[in-house]
Amino acid sequence: MTQPVIRVSGIRKTYGPVVAVDDVSFEVRRGEIFGLVGPNGAGKTTTMECLEGLRSPERGAISVLGLDPFRAGTALKVRIGVQLQEAQLQKRLKVGEALRFWASIYPKTVDPEALLEQLGLREKRNAWFMTLSGGQKQRLFIALALINDPEVVFLDELTTGLDPQARRAIWELVRGIRERGKTVVLTTHLMEEAERLCDRVAILEHGRVIDVDTPRGLVARHCPERVVEVTTADPSARERFLTLPGVEAVDSDGSSLSIRGANANLVADVIQCISRHGIVVTDFHSTVPSLEDVFLRLTGHSMRD
Amino acid sequence: MKGLWQLTWLEIKIFAREPLGLFGTVGVPVLVFLVLGRFLRATANPASPEEAFLQDGLPVLAAIMMTTSAVVSLVTIIAIYREGGILKRLRATPLHPVTILTAHVLVKLLFTALTLGLLLAVGRRYYAPDTAMEFAAFAGALLFSTAGVLSLGFLIASMVPTARFAQPLAAVIFYPMIALSGLFFPSAVLPPSAREVVRVLPMTYVVSLLQGVWRGEALSSHLWDMAIIVLFGATFTALASRFFRWE
């Protein structure tokens, strides 16, 4: 296993009586996209800002690229790229000016023009920040986070407020960052985003890490069951499905049967059973559990509650 | 201080792109000077109080307006930058926090100097051509005072909860201070308790310094005023650096 670039052990951060982060620990490996996921107020941004050196945890230790973020100051800031949640720039700052200025304050930079090109902002280089769309603003913030050719990039709620199309475009850009060998740490409250983008995720709730693994690993561990829904008028179908291996229950709702079981081959088994017994099926639907279901299983409530 | 000049230049350009802000900062003091100068000149005879105000008061009033607008604008900008997360974003760069704030001071001083230059150039008719003062000394005194008072701006900026309160709060603090500064009436007419208050307001010393220099007095005869402005500046800076909030 590669050496972790970030090591967080037992950090705690409070704001007055509110405990934002409580005993959070995890490691991030070089070259992966690591996600901090959880509902709003789970402590994702506070954790992130501790990693970026903007806040100092009251307890615990953080090492980013071997440095203590809060104390390292510039020594670390020149090696990381940061995109903050809901950040703005000066309304009348031009895109090109922002990039050139950012380039002027770092010792080592990539070519700002090339970066504008890659992020599809070339024709916007003379546009004021206030005239950009949400997606363009986020692309500019990604550009600013990449200007110093950082080793680790932090992206906080990168796609919040974007439409699905802009969101997909941003996902592609983030995958591109990983392709360049950089490590990405991102926060999101969108389970779909975490599932599609992240190599590994830490699920946070109430300031604590509930579990850390690959999205697939989390699903396999916490939601191993599969659900197959079959619509049929055949009265014998329910009994037949119940005999399949691993099936725990078959709930019926009129002519619709919902077959649940912790069997990875459940779908194939159900199809085989249907054809073997000549069951006439008018609808067929199978559901694979998602991170959303993992969260529900782990916390007892859905992300949107 | 790496990045200071780049950031200052950037903020100058950004400020110049806002027509209303630019007009308020540069245009209003110059216009007030021209309009009031014209009225006073039309009615005044050489011995009247209007003429005295035209000679001493009006230029200083315009200068105080420049200083005040610099502070109000600074407070507003800092509040907006904080609310929009711009300060926080800049802090996540290798820029030193002091660099970020110093750039704003430099922008304000530059526009103050620009306004003064414009005012002296276009308002020539409304001050005595044989005015004894040296332009350089007056400009120096004005920039010195503005820098001192801007420190109070940072302190106010640390206190305003949101950008919406920036302008009203700055006005509430500054307008009474100007009214009592001795610019419009001598503090001797005030009751003794009010005189004590006037003594602890920084604007009193700013007005005394500017008025003296405009009359042609040497800067060296106002060392006391200048020392007090430095003291206020140092105190406000110390307090602001303690209470300043970046987000």
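Placed above this text is the structure.
Residues numbered from 1 in each chain as written. Chains lettered and ligands numbered in written order. Predicted model: local features only at pLDDT ≥ 70, side-chain atom pairs only at ≥ 80, totals over all residues.

Participant: Run through the overall build of chain B, naming residues and quoting values.
Facilitator: In terms of helices and strands, chain B carries 10 helices and 0 strands. Ordering the α and β elements of chain B from the N terminus gives α-α-α-α-α-α-α-α-α-α. For chain B, the spread of C-alpha atoms along the three principal axes comes to 60 × 40 × 35 Å. Pairs at least 24 residues apart make up 81% of the contacts formed inside chain B by residues separated by at least 6 positions. (Helix = DSSP H or I, 4+ residues; strand = E, 2+ residues; numbered from the N terminus. Contact = placed C-beta atoms within 7 Å.)

Participant: I'd like to hear about the nonpolar core, residue by residue, with values.
Facilitator: Counting residues in each nonpolar core, the largest one holds 143 residues, and the members touching the most others are Ala 143 and Val 185 of chain A together with Val 71, Val 75 and Leu 210 of chain B. With 18 residues, the single largest contributor to this core is helix α3 (residues 49–83) of chain B. When sequence neighbours within four positions are dropped, the list of residues in contact with Val 75 of chain B reads Gly 153, Ile 156, Ala 157, Val 160, Ala 166 and Ala 170 of chain B. Formed by 10 residues, the second largest nonpolar core is a distinct cluster that contains Val 228, Phe 241, Val 247 and Leu 257 of chain A. (Core = buried A, V, L, I, M, F, W, Y, C linked by C-beta atoms within 7 Å. Buried ≥ 20, exposed ≤ 12 C-beta atoms within 10 Å, placed from the backbone.)

Participant: Which residues make up helix α7 (residues 166–179) of chain B, and what values do they have?
Facilitator: Here α7 of chain B is 14 residues long and its end C-alpha atoms lie 20 Å apart, about the 20 Å a rise of 1.5 Å per residue gives. Along α7 of chain B, the residues that are buried comprise Ala 166, Ala 170, Ile 173, Phe 174, Met 177 and Ile 178 of chain B. (Expected span 1.5 Å × (residues − 1).)

Participant: Tell me about the interface of chain A and chain B, and name the residues and values.
Facilitator: A common way to state how big an interface is: give the accessible area lost once the parts meet. Facing 19 residues of chain A, the contacting portion of chain B comprises 18 residues. The element that contributes the greatest number of residues to the side of chain A that touches chain B is helix α4 (residues 95–104) of chain A, accounting for 3 residues. In terms of residue class, the side of chain A that touches chain B is made up of 10 nonpolar, 4 polar and 5 charged. (Nonpolar A, V, L, I, M, F, W, Y, C, P; charged D, E, K, R; others polar.)

Participant: Go over the sheet that holds strand β3 (residues 33–37) of chain A with me, naming the residues and quoting the values.
Facilitator: Residue and element names in this part refer to chain A. Here 6 strands make up an open sheet; going across it, the order is β5-β6-β7-β3-β8-β9 and the pairing mixed. Looking at the sheet topology across the chains shown, the edges are occupied by β5 (80–83) and β9 (208–213). Taken pair by pair, the neighbouring strands of this sheet meet at an average axis angle of 15°, ignoring direction. Here strand β8 (residues 200–205) runs beside β9; their pairing, made up of 5 bridges, is antiparallel. (Pairing = 2+ DSSP bridges. Axes fitted to C-alpha atoms, helices over the stretch in contact; angles between N-to-C directions.)

Participant: How would you explain the sheet that holds strand β11 (residues 247–253) of chain A if you had to name every residue and give the values?
Facilitator: All names here are of chain A. Here 4 strands make up an open sheet; going across it, the order is β11-β12-β10-β13 and the pairing antiparallel. Each of the sheet's edge strands pairs with one partner strand only, and the pair in question is β11 and β13 (281–287). Geometrically, the sheet is characterised by an average inter-axis angle of 15° between neighbouring strands, direction not taken into account. Here strand β10 (residues 226–232) runs beside β13; their pairing, made up of 6 bridges, is antiparallel. When the bridges of β13 are listed, Val 228 appears paired with Ser 286.

Participant: Lay out the pairing of strand β2 (residues 18–29) of chain A with the relevant residues and their values.
Facilitator: Looking at chain direction, strand β1 (residues 4–15) of chain A and β2 of chain A are connected through 8 bridges and run antiparallel. Directly across from Arg 7 of chain A, in β2 of chain A, lies its bridge partner Glu 27 of chain A.

Participant: Got a sec to walk through the environment of Leu 74 of chain B? Specific residues and values, please.
Facilitator: All names here are of chain B. Structurally, the position occupied by Leu 74 is in helix α3. Sequence separation between Leu 74 and Ile 86 is 12 residues; the distance between their C-alpha atoms is 14 Å. Leu 74 has contacts with His 104, Lys 108, Leu 150, Gly 153 and Ala 157, leaving out every residue within four places of it along the chain.

Participant: Residue-level account of the packing of α3 of chain B against α7 of chain B, with values.
Facilitator: All names here are of chain B. In the contact formed by α3 and α7, the axes pass within 9 Å of each other and the chain directions differ by 155°. The orientation of α3 relative to α7 falls into the category roughly antiparallel. The hand of the α3/α7 crossing is right-handed. Taking contact as the criterion, the partners of Ile 64, Thr 68, Val 71, Val 72, Val 75, Thr 76 and Ala 79 in α3 are, on α7, Ala 166, Gln 167, Ala 170, Ala 171, Phe 174 and Ile 178. Looking at the contact of α3 with α7 residue by residue, the classes come out as 10 nonpolar, 3 polar and no charged. (Parallel < 35°, antiparallel > 145°, perpendicular 65-115°, else oblique. Left-handed = near helix turned anticlockwise from the far one by under 90°.)

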